[in-house]
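# Residue-level structure breakdown
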Amino acid sequence: MAFALNAEQNQKLEQILSRYPNKMAACIPVLHLCQEANASWVSDDVIEFVAKRLDLPTAHVKGVVTFYTLFNQKPVGKHQVWVCRTLSCALRGSDKILEHCEKRLGCHVGETSKDGKVTLRTAECLASCGSAPMMQVDKTYYENLTVEQVDRILDTLVR
Amino acid sequence: MLKTTTYLTHSYGLADGYKLAAYEQQGGYSGVKKALGMPREAVIEEMKKAHIRGRGGAGFDAGTKWSFMPKQSQKPCYLVINADEGEPGTFKDRSIMEKNPHALVEGCIIGAYGIGAHAAYIYVRDELHLSKARLEGAIAEARAKGYLGSRPFGFDYAMEVYVHTGAGAYICGEETGLLNSLEGRRGEPRLKPPFPAQYGAFGCPTTVNNVETIAIAPTVFQMGGDEFSKLSQLHHFNDGGARIFGVSGHVKKPGLYEACVGLTLRELIYDLGGGVLGDRPILALIPGGSSCPVHRPDEIINHPDPRFAPFNGKTILDLPLGVDTFRMVGSMLGTCCAIVLSDAADPVLALHNLMRFYRHESCGQCTPCREGCGWIERILDKIVAGQGTIEELDRVSEIASDITGNTICAFGDGAAQPALSFVRKYRSHFEDYILNGAKSQTRRLTP
Ligand SMILES: Cc1cc2nc3c(=O)[nH]c(=O)nc-3n(C[C@H](O)[C@H](O)[C@H](O)COP(=O)(O)O)c2cc1C
Ligand code: FES
């Protein structure tokens, strides 16, 4: 079925458009809006919808989607977990955090746990270096992590 | 001499410190009232007197940058705030947006007025959801009070501030990559010239400033530019005021510390950061984000400039952290957020980590950067696996030199700096991997 936004989401889209002198500038925020409305991923239908709605060539929207890491080009789990692995976090043990997540979720980085609940990824520096190691779960940062804390956080996700 | 300040951080510990009431209690929105009562040119002059060196990494003088904007423009002008904070080791802008968002909103009004813009876009990297929420909240509060809108504080100068989101790409921190991204394109940097002041966002005159650069502007107008500049011990280097210093890695108290410009790495690491984890010796220091060269703690300062007299003969740990002080000794101040490696860390693995970052984040437009970053990473993969050769180690430096200066934007130089400096300064560690199976290396990054 073709992708569409509901009334409330459409209103948000209009609000986004009102901030810019042209429609193209709304491309990234509107893609975020649609991704959120589409179980956290950007399907071809979503690209088609955004292109039409913003009067852009499909190829332009596709080019944008493929440039940015945060647009998921495949379905993902119900929750997304990103473990930062860049230098400041690595100096404080991010590898152990990541290893533990893989073990707990039973999947490797880049994969989704079998129950479809959690997609595990690494991230590059998330501007939280002073409270490393850290991870982002959906929209929330968890900082100064220990393995025990990771367990508690993951518990709430897979429940 | 260590002098901590709280111009930007006064609200950091308070539960409701991010709200308008707390901000106004500390004198918030009094700077902008002064600024809007001055002629535009005077606002720029006041900023120049403050000697604020851009807090985004390049250290360009903020007032001077504002003065590049056209005095009269047929087209609209824009202020764009760079809140894409993604330079490894850097975490100061996020704290301002989360804990003191009104300083940025007030700074936006001052900056926009100074450059002749009626709209400011704050480009926030998407991951910073709390920052976006706090900024939206602050903008709503300010609009409700009439501080934004058609007549801020009763002055006839319409003003709007918008939050724009990125979607995960370090290169969008580069100002022209950011402008492309703001326009809804792939975040690939543009060739300069034309510079943003002539042809920026939507083809219109634009100033791009870092979050902290703009958030400190209200303080300048509260206390006066000259007085603000003189807070700094590097006032005579035209590097004024106070700023936020960060320290991460192997220190006991990693975090953010606001202090007068001129703080030294020793003060940052030992007095503020509580010293090195396990009281170990320092192996390596990166002064301000990973794109700066790495330093050994025993590097001795020696510069003919008479202003260096107090520092000559001392180590890099005792050189005041300033844009020019560091540039003149062949380093870079960058974002002023230092990364500390104790001798528990393996410098080969540290560089390997960073080059993976640069390979991942290269936008791929320029061949030397796109191919070079990947090539260096592959060589380091081999070295770390015990399969590298001395010729390949030398090739790392060659590739890095070939990237330097041969790309559209400064990403290339930023990727080359760590490669060049790590290999040069810790060569024996790399050779140990190649010749002796890394027998005397820690093979770890953690203590
Ligand atoms: C690869 C790259 C990444 C950058 N990332 C950022 C960033 O995240 N935040 C920032 O303020 N400046 C960043 N900069 C610097 C900007 O290009 C620009 O100099 C700065 O935003 C100007 O603001 P300022 O003069 O107030 O410092 C980056 C530069 C490069 C080359
Ligand atoms: S290195 Fe992990 S948040 Fe910066």
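To be clear, the structure that these remarks concern was listed above.
Residues numbered from 1 in each chain as written. Chains lettered and ligands numbered in written order. Predicted model: local features only at pLDDT ≥ 70, side-chain atom pairs only at ≥ 80, totals over all residues. Heavy atoms only, no water.

Time to look at the site of ligand 1. All names here are of chain B. Near ligand 1 there are 19 residues, and of these Gly56, Lys65, Asn82, Asn210 and Thr213 occur at the shortest range. Burial of ligand 1 by the protein amounts to 90% of the accessible area it has alone, namely 610 Å². Per element, the largest residue contribution to the shell around ligand 1 is 3 residues, and it comes from strand S4 (residues 206-210). Across the shell around ligand 1, the residue classes tally to 5 nonpolar, 8 polar and 6 charged. (Near = heavy atom within 4 Å. Areas by Shrake-Rupley, 256 points an atom, 1.4 Å probe, with all protein chains shown as cover. Helix = DSSP H or I, 4+ residues; strand = E, 2+ residues; numbered from the N terminus. Nonpolar A, V, L, I, M, F, W, Y, C, P; charged D, E, K, R; others polar.)

In this section: the sheet that holds strand S1 (residues 79-84) of chain A. All names here are of chain A. The sheet built from 4 strands is open, its strands ordered S2-S1-S3-S4 with mixed pairing. A strand with exactly one partner marks an edge of an open sheet, and here the two such strands are strand S2 (118-123) and strand S4 (140-142). Within this sheet the neighbouring strands show an average axis-to-axis angle of 25°, counted without direction. Two elements, S1 and strand S3 (residues 135-137), share 3 bridges in a ladder whose sense is antiparallel. Residue pairing across strands places Val81 opposite Val137, the latter belonging to S3. Along the sheet, helix H7 (residues 147-158) contacts S1, S2, S3 and S4; its crossing angle with S3, the most-contacted strand, is approximately 15°. (Pairing = 2+ DSSP bridges. Axes fitted to C-alpha atoms, helices over the stretch in contact; angles between N-to-C directions. Contact = heavy atoms within 4.5 Å.)

As a further point, take unusual backbone geometry. Of the consecutive residues Ala132 of chain A and Pro133 of chain A, the connecting peptide bond is found in the cis state with omega at -5°. Its location among the elements puts Pro133 of chain A in the loop between S2 and S3. Cis geometry is found at the peptide bond from Pro193 of chain B to Pro194 of chain B, where omega equals 0°. Tracing the sequence through the fold places Pro194 of chain B in the loop between helix H8 (175-182) and S4. Even without glycine at this site, Phe202 of chain B takes up a positive phi of about 55°. Positionally, Phe202 of chain B belongs in the loop between H8 and S4. One non-glycine residue, Cys336 of chain B, lies in the positive phi region at around 70°. Position of Cys336 of chain B among the secondary structure elements: in the loop between helix H13 (323-328) and strand S8 (337-342).

Turning to the packing of aromatic side chains, a few remarks are in order. Inspection of the entire model under this criterion finds 21 aromatic pairs over all chains. Considering the side-chain rings of Tyr78 of chain B and Tyr121 of chain B, the 5.8 Å spacing of their centres and the 50° angle between planes classify their relative orientation as tilted. With Tyr78 of chain B in strand S1 (residues 78-83) and Tyr121 of chain B in strand S2 (residues 119-124), this pair connects stretches of sequence that are 43 residues apart. Just as Tyr78 of chain B is buried, Tyr121 of chain B falls in that class too. An aromatic cluster is built from Tyr20 of chain A together with Tyr78, Tyr121, Tyr162 and Phe202 of chain B, whose rings are joined through pairwise contacts. Geometry around Tyr18 of chain B places Arg134 of chain B over its ring, the cationic atom sitting 3.6 Å from the centre. Sitting above the plane of the Phe237 of chain B ring, Arg307 of chain B keeps its charged end 4.1 Å from the centroid. (Phe/Tyr/Trp six-rings, centres within 6.5 Å; stacked < 30°, edge-to-face > 60°. Buried < 20%, exposed > 50% of the residue type's maximum accessible area, 1.4 Å probe, protein only. Lys NZ or Arg CZ within 6 Å of the ring centre and 35° of its normal.)

Residue and element names in this part refer to chain A. Across the 6 residues that make up S2, a large majority, 5, are buried. In this structure, S1 lies alongside S2, joined through 6 bridges in parallel fashion. Counterpart to Trp82 in the pairing with S2 is Arg121.

Here the focus is the environment of Val32 of chain B. Residue and element names in this part refer to chain B. Residue placement: Val32 occurs in helix H2 (residues 31-36). Val32 sits in the buried class, given a relative accessible area of 0%. The spatial distance from the C-alpha of Val32 to the C-alpha of Ile110 is 5.7 Å, given a sequence separation of 78 residues. The residues touching Val32, leaving out its near neighbours within four places in the chain, are Glu106, Ile109, Ile110 and Phe153.

On to helix H18 (residues 427-435) of chain B, then. Residue and element names in this part refer to chain B. By the burial criterion, the buried members of H18 are His429, Phe430, Asp432, Tyr433 and Ile434. The elements touched by buried residues of H18 are strand S7 (282-286), helix H14 (347-361), helix H15 (367-384), helix H16 (390-403) and helix H17 (411-425). Following H18 by one or two positions, Gly437 adopts a phi angle in the positive range, close to 65°.

Moving on, we get to the interface of chain A and chain B. Accessible area lost upon the coming together of the parts is a frequently used measure of interface size. Between chain A and chain B, the residue contacts involve 40 residues of the former and 58 residues of the latter. Looking only at chain A, the three residues that lose the most surface to chain B are Phe67, Leu87 and Leu91 of chain A, adding up to 19% of its buried area. The interface formed by chain A and chain B holds 2 salt bridges in total. In this structure, Arg94 of chain B and Glu143 of chain A form a salt bridge, with 2.8 Å as the shortest nitrogen-oxygen distance. At the boundary of chain A and chain B, one finds 25 residue pairs in polar contact (both at pLDDT 80 or more). At the level of secondary structure, the elements contributing two or more residues to the side of chain A that touches chain B comprise helix H2 (27-37), helix H4 (58-67) and helix H5 (87-90) of chain A. Of all the elements, H4 of chain A adds the most residues to the side of chain A that touches chain B, at 5 residues. Considered class by class, the residues forming the side of chain A that touches chain B number 20 nonpolar, 13 polar and 7 charged. (Buried area = accessible area lost by both parts, 1.4 Å probe. Salt bridge = Lys/Arg side-chain N within 4 Å of Asp/Glu carboxyl O. Polar contact = N/O pair within 3.5 Å; in protein donor to acceptor, adjacent residues only side chain to side chain.)

Moving on to helix H6 (residues 94-105) of chain A. Because an α-helix packs 3.6 residues into every turn, residues spaced three or four apart end up facing the same way. Residue and element names in this part refer to chain A. Look at H6: 16 Å from first C-alpha to last across 12 residues, which is about the 16 Å you get at 1.5 Å a residue. Along H6, the residues classified as buried are Ser94, Ile97, Leu98, His100, Cys101 and Leu105. Buried positions in H6, seen along its axis, are confined to an arc of 160° and lie on one side of it. For H6, exposure combined with an orientation more than 90 degrees from the buried face picks out Glu99 and Lys103. In the core, the buried residues of H6 are packed alongside S1, H5, S2, S3 and H7. (Expected span 1.5 Å × (residues − 1). Arc of directions from axis to C-beta.)

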